Amino acid sequence: MRLVFPIILFLTIFSNSASQAQFYSEGNYPRANFYNRMYQPRQTVISGDTVTYRPRWFFPKHAKIQYAGNVGFLSVGVGYHFWDIYEATFSYGLLNEFLGGSHVTVHTLSLKNSFFLTQKPWFNHFWPKAGIMINRGNTNNTFRKLPPHYPESYYFQNKVHAAPFWGGEWYQH
């Protein structure tokens, strides 16, 4: 189990050296035309008025797998890209005896709000980012309201919390 992360990291870094774009609907991706058509705005005429709509707007624009990072030992999620600088990702994370070696099982739901800090990736792969993540953890030792055995106003709830972050994302086309 300890070798899984280094192997995945090695394969990700050295598997492809020519990334073209941040999003899979651009560049030389085999299904780029399909995705471009799927998200293409369409127009229809109703009683003489032209209505423009974007079909399949609710389909996620990307999927992510994250190792650690305050969302469980391993988390998976889907997200959307808004404007040119903002990206929102909804994730589900898990920490248990098999994933992370914990005696307590923790389920985490997260909304990760990321902002791109540059217009283009560094070295064709690395996007510097910053943002804030809102987590909701569910386990036997997290609480929204204080249990009766704690002094009043002594502890703050720990079921939902916000975590600012900065760092980067290694993008592999």
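Up top is the structure.
Here is what the cut-offs are and how they apply
- Residues numbered from 1 in each chain as written.
- Predicted model: local features only at pLDDT ≥ 70, side-chain atom pairs only at ≥ 80, totals over all residues.
- Heavy atoms only, no water.
- Helix = DSSP H or I, 4+ residues; strand = E, 2+ residues; numbered from the N terminus.
- Buried < 20%, exposed > 50% of the residue type's maximum accessible area, 1.4 Å probe, protein only.
- Polar contact = N/O pair within 3.5 Å; in protein donor to acceptor, adjacent residues only side chain to side chain.
- Contact = heavy atoms within 4.5 Å.
- Salt bridge = Lys/Arg side-chain N within 4 Å of Asp/Glu carboxyl O.
- 1 Å grid on protein atoms, 1.4 Å probe; cavity = no way out; pocket = protein on both sides within 12 Å on 5 of 7 lines; lining within 4 Å.
- Points joined across faces, edges and corners; volume = space filled by probe spheres on them.
- Nonpolar A, V, L, I, M, F, W, Y, C, P; charged D, E, K, R; others polar.

A. Focus on the side chain of T89. If you trace the backbone, T89 turns up in strand β5 (residues 86-95). Given the relative accessible area of 2%, T89 is considered buried. A distance of 3.1 Å separates polar atoms of two side chains, one belonging to T89 and the other to H62. What T89 contacts, discounting residues up to four positions off in sequence, is H62, K64, G77, V78, G79, S110, L111 and K112.

B. Layout of the side chain of S75. Its place among the elements puts S75 in strand β4 (residues 74-82). Its relative accessible area of 1% is what places S75 among the buried residues. Leave out the neighbours within four places in its chain, and S75 touches K64, I65, Q66, Y92 and G93.

C. Structural view of the pattern of salt bridges. All chains considered together, the criterion is met by four salt bridges. Between K64 and E87 there is a salt bridge, with its nearest N and O atoms 3.0 Å apart. Separated by 23 residues along the polypeptide, K64 in strand β3 (residues 62-67) and E87 in strand β5 bring together distant segments of the chain. When the shortest N-O distance is used, the salt bridge between E169 and K64 registers 2.8 Å.

D. Examining empty space enclosed by the protein more closely. As enumerated under the stated definition, the model contains one cavity of 30 Å³ or more in all. Size it by volume and the largest cavity reaches roughly 40 Å³. K64, Q66, T89, S91 and K112 are the residues that line the largest cavity. Going through the elements one at a time, β3 and β5 are the ones with two or more residues in the lining of the largest cavity. Split by residue class, the lining of the largest cavity holds no nonpolar, three polar and two charged.

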